[in-house]
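Each chain, written out:
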Amino acid sequence: MRPIDVLRFSLMALQGNRVRTMLMLLAMSIGVASVVLLTSVGEGARLFVVNEFSSLGTNLVIILPGRSETAGFGPSSFMGETPRDLTIRDVMAVARHSAVRRTAPISVGEAHASWQRRVREVPVLGTTSELLSIRRWTMAQGQFLPAGDPELASPVCVIGSKVRDELFGPHPAIGEMMSVGDRRCRVIGILGSEGRSIGLDPEELVILPVAFAQMLFNTNSLFRVLVEATSREAIPRVETHILSTIRERHQGEEDVTVMTQDAVLATFDRIFRALTLTVTGIAGISLGVAGILTMNVMLITVSQRTAEIGLLKALGARRSQILMLFLTEAVVLSSAGALLGLVIGITGSQIIGRIYTALPVGTPWWAIAMALGVAIFTGLTFSVLPARRAAHLDPVQALSHK
Amino acid sequence: MITLEHVHRVFQVGDQEVHALNDLMLHIDRGEYLSIMGPSGSGKSTLLNILGILDRSTSGRYLLDGTDVTALSDDQQALTRREKIGFVFQFFHLVPRLTAEQNIELPLVLAGVPPSERKARTGRMLQAVGLKGRAHHRPEELSGGQRQRVAIARATIMEPAVLLADEPTGNLDRTSGKEVIEILEDLNRKGIILIVVTHDPEIGGLARRRIRLVDGCITSDVSGHTEP
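Conventions used here
Residues numbered from 1 in each chain as written. Chains lettered and ligands numbered in written order. Predicted model: local features only at pLDDT ≥ 70, side-chain atom pairs only at ≥ 80, totals over all residues. Helix = DSSP H or I, 4+ residues; strand = E, 2+ residues; numbered from the N terminus. Rg over C-alpha atoms; globule rule 2.2 N^0.38 Å. Buried ≥ 20, exposed ≤ 12 C-beta atoms within 10 Å, placed from the backbone. Contact = placed C-beta atoms within 7 Å. Domains from an automatic or database assignment. Pairing = 2+ DSSP bridges. Axes fitted to C-alpha atoms, helices over the stretch in contact; angles between N-to-C directions. pLDDT = per-residue confidence, 0-100. Nonpolar A, V, L, I, M, F, W, Y, C, P; charged D, E, K, R; others polar. Parallel < 35°, antiparallel > 145°, perpendicular 65-115°, else oblique. Left-handed = near helix turned anticlockwise from the far one by under 90°. Core = buried A, V, L, I, M, F, W, Y, C linked by C-beta atoms within 7 Å.

So, the overall build of chain B
Thinking step 1. Regarding its fold elements, chain B presents seven helices and ten strands.
Thinking step 2. For chain B, the C-alpha radius of gyration of 18 Å lies close to 17 Å, the compact-globule estimate for 228 residues.
Thinking step 3. Taken along its principal axes, the extent of the C-alpha atoms in chain B is 50 × 45 × 35 Å.
Thinking step 4. By residue count, 47% of the 228 residues in chain B fall in the buried class.

What follows is the structure in structure tokens.
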């Protein structure tokens, strides 16, 4: 029997019983659609987190003052702080290494920002010129903080676009003197609106030179230090360099915590992947249900078409041919159902993507391949039993079947 | 051509053995036209099933065209059925979703004959059974006689050596029945072995050789034309 004829025969058999065909298409497509939809959303969630993290910058090592591990019950656990501050000088020392490309000390606080009679409470971030490149921010207008000695407290500031709108309204802001806390500084740049990332929205920030911010907040300590390594491979070297430098400078104490962006990212990546797989697995159950439905429907089909099977045998069809006819029917059905489900699933995930624009919904190719593969596989496996039953029917009894 | 030697067919019914065929001896030559008659339960259908290789005898030999069919594997038997035997049934056994033409070409499809050749051969068969204009009708749109003619066309499209007809007129009115018998006899004149199983003495009497079965044994085997 020619393969094309097998296919044609199956298609005609499917046409012959529309209700059954529709029912099975529906079952299969629901299974596939739910797998595709849930993986798309899961992947979207994962990509969302990954993007949020990578917008913090790549090859990043973050230094936090204080040790992360609990050191038992001691005086420091009451104070919650280390006696030695993480200072700008520490940062300057850390920067002196071939594997360190950029460093940005960060000091944060809240202050009143005002211009003329408008006042607003804003988050203030003290840093150096290199933060712009580390965080991949862009300037909408003017320039970022000037490069140079980080200990120099130049009275300049860079503001986010939202701060600009709220304080200056339609007035041009560049070159204006504004007050931050009890100090005055000149606005030299306005940040672009992209580059949003977890926690900090650059639109709402006022950015000052780090020394100026420390003066404002009356402290020597830094909140964080961002260190960018020259490459991914250099990260471990940078870590050891940071720890040894700090130990040298802090009387032998390693009183900082060093985190790598990659480690955090990898953890989140793993968590989200596991979540996606779990959800996919749950959706996969509906594929299994579709498979069992396939088996039932195929069994009914075989008993409905018993006389026809008897006839085919009388006409000289071999067992393998009858097996092939019924398997083809099941595979055609389940692939059609899978394709339909794929269309529904992808359309559905596109719609979700439209509704939740922040979620980068995309159906990963492996989910498509898996859903199709599993659908066709279950269709095939679950119809082996009915098809075998058909192939092994006794022709005499089958022919007399009504 | 066909030789049955000591053929037994025993069915197990509960704990009882029923001898549907009992030590049957039969020889049929090329081009013969014979009818098998007998009361119900006499083993007519069993004999037909064994002749059509749909059923295996419990013991004994069945030689078809010189080969021992009982020794063949399932697939070889299927192949023999396809190439050498045609069936015509009382209830036609047409596939309802297929047109007359598609029903007729079914054996060719199973044999893997290319479409162009199938088209030509089904066309000739439709012509031969007088259904040229009905090629694209489904069985439900055809009369009983027409359905049986489609079935005959399907049974003979592989040009088999043997045509087995099981009550071919049992479900037809007299006129259509007559037409069907004429077509079958015409095929027999062209050389096919025609075996008709019936309990209608009028149909059975038309055959040149008439076999009577009772309880799985041949009780009479008469050749030549005698008025019933």
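With respect to the overall build of chain A
Thinking step 1. Along chain A, the regular secondary structure elements total 13 helices and ten strands.
Thinking step 2. Scaling as 2.2 N^0.38, a compact globule of 402 residues should have a C-alpha radius of gyration of about 21 Å, whereas chain A reaches 33 Å, well beyond that.
Thinking step 3. Burial analysis of chain A (402 residues in total) assigns 41% to the buried set.
Thinking step 4. When contacts within chain A are restricted to residue pairs at least 6 apart in sequence, those whose partners lie at least 24 apart make up 84%.

Observations concerning helix H7 (residues 210–217) of chain A
All names here are of chain A.
Thinking step 1. With respect to burial, H7 is a largely interior element, six of its eight residues being buried.
Thinking step 2. Taken residue by residue, H7 has Val210, Ala211, Phe212, Ala213, Gln214 and Leu216 as its buried positions.
Thinking step 3. Looking at the buried side of H7, the elements it contacts are helix H4 (88–95), strand S2 (100–115), strand S3 (118–127), strand S6 (177–180), strand S7 (183–191) and strand S8 (206–209).
Thinking step 4. After H7 finishes, the residue Asn218 shows a positive phi value of roughly 60 degrees.

A closer look at the domain arrangement of chain A
Thinking step 1. Domain annotation of chain A identifies domain 1 (3–53 + 266–399) and domain 2 (83–254).
Thinking step 2. Its C-alpha centre places domain 1 of chain A at a distance of 56 Å from the equivalent point of domain 2 of chain A.

Quick word on the pairing of strand S5 (residues 156–159) of chain A
Residue and element names in this part refer to chain A.
Thinking step 1. Two strands pair when backbone bridges link them, and S5 and S7 are joined in this way by four bridges, in the parallel orientation. Bridge pairing in S7 links Cys157 to Val187.
Thinking step 2. Of the strand pairs in this sheet, S5 and S8 are connected by two bridges, and their pairing is antiparallel. The residue of S8 that forms the bridge with Val158 is Ile207.

What to know about the sheet that holds strand S6 (residues 85–88) of chain B
All names here are of chain B.
Thinking step 1. Pairing in this open sheet of six strands is mixed, and the strands run S6-S7-S8-S3-S9-S10 from one edge to the other. If you trace the sheet from one side to the other, it starts and ends with S6 and strand S10 (217–223), each paired once. Strand-to-strand twist across the sheet, computed as the mean angle between neighbouring axes with direction ignored, equals 15 degrees.
Thinking step 2. Here four bridges tie strand S3 (residues 33–37) to strand S9 (residues 209–214), and the two strands are oriented parallel to one another. The partner of Ser35 across the bridge, within S9, is Arg210.
Thinking step 3. Strand contacts of helix H5 (residues 144–156): S6 and strand S7 (162–166), with the helix running at about 170 degrees to S6, the strand carrying the most contacts.

Notes on the sheet that holds strand S5 (residues 67–68) of chain B
All names here are of chain B.
Thinking step 1. Taken together, the four strands give an open sheet; going across it, the order is S2-S1-S4-S5, and neighbouring strands pair in antiparallel fashion. Of all strands in the sheet, those bounded by a partner on one side alone are strand S2 (16–28) and S5.
Thinking step 2. On the sheet, helix H1 (residues 44–51) packs against strand S1 (2–13), S2 and strand S4 (59–64) and is oriented at approximately 125 degrees with respect to S1.

Structural notes on the confidence of the model for chain B
Low pLDDT means the predicted coordinates in that region are not meant to be read closely.
Thinking step 1. On average, residues of chain B carry a pLDDT of 92, and 98% of them reach 70 or more.
Thinking step 2. For this predicted complex, the interface confidence score (ipTM) comes to 0.92, while the overall pTM stands at 0.71.

Side note on the interface of chain B and chain A
Thinking step 1. The interface of chain B with chain A comprises 20 residues on the first partner and 19 residues on the second.
Thinking step 2. Elements that contribute at least two residues to the side of chain B that touches chain A include exactly helix H2 (74–84) and helix H3 (100–110) of chain B.
Thinking step 3. Its residues placed into classes, the side of chain B that touches chain A shows ten nonpolar, four polar and six charged.

Re the packing of helix H9 (residues 261–304) of chain A against helix H12 (residues 365–391) of chain A
In a packed pair of helices, the relevant descriptors are the angle between the two axes and the axis-to-axis distance.
All names here are of chain A.
Thinking step 1. Where H9 meets H12, the axes come as close as 8 Å, and the angle between the chain directions of the two elements is 25 degrees. As summarised for this structure, H9 and H12 are arranged roughly parallel, according to the angle between their axes. The chirality of how H9 crosses H12 is right-handed. Each of Gly284, Leu287, Gly288, Ala290, Gly291, Ile292, Thr294, Met295, Met298, Leu299 and Val302 in H9 lies in contact with H12, whose residues at this interface are Val374, Ala375, Thr378, Gly379, Phe382, Ser383, Leu385, Pro386, Arg389 and Ala390.
Thinking step 2. For the contact of H9 with H12, a count of residues per class yields 13 nonpolar, seven polar and one charged.

What to know about the environment of Val214(B)
Residue and element names in this part refer to chain B.
Thinking step 1. The topology assignment puts Val214 in strand S9.
Thinking step 2. In this structure the C-alpha to C-alpha distance between Val214 and Met37, which are 177 residues apart in sequence, comes to 8.8 Å.
Thinking step 3. Residues in contact with Val214, not counting those within four places in the same chain, are Gly38, Pro39, Ser42 and Thr219.

Let's talk about H1(B)
All names here are of chain B.
Thinking step 1. With eight of eight residues buried, H1 is to be regarded as a mostly interior element.
Thinking step 2. Listing the buried residues of H1 in full gives Lys44, Ser45, Thr46, Leu47, Leu48, Asn49, Ile50 and Leu51.
Thinking step 3. Ile53, located one to two residues past H1, shows a positive phi value of around 55 degrees.

Quick word on unusual backbone geometry
Thinking step 1. At Gln116(A), a position not held by glycine, the phi torsion is positive, near 50 degrees.
Thinking step 2. Mapped onto the elements, Gln116(A) comes out in the loop between S2 and S3.
Thinking step 3. Of the residues examined, Gln116(A) has 12 C-beta atoms within 10 Å and is grouped as exposed.
Thinking step 4. You will see that Ile53(B), though not glycine, has its phi angle at about 55 degrees, which is positive.
Thinking step 5. Here Ile53(B) is to be found in the loop between H1 and S4.

Some details on the nonpolar core
Thinking step 1. Within the largest apolar cluster, 111 residues are counted, with the highest numbers of intra-cluster contacts made by Val32(A), Phe326(A), Ala371(A), Leu163(B), Leu164(B), Leu194(B) and Ile195(B).
Thinking step 2. In terms of residues, this core owes the most to one element, helix H2 (residues 18–54) of chain A, which gives twelve residues.
Thinking step 3. When residues no more than four places from it in sequence are discounted, the contact partners of Leu194(B) are Tyr33(B), Leu163(B), Leu184(B), Leu187(B) and Asn188(B).
Thinking step 4. Ranked by size, the runner-up nonpolar core spans 53 residues in total, among them Val61(A), Ala173(A), Leu191(A) and Leu216(A).

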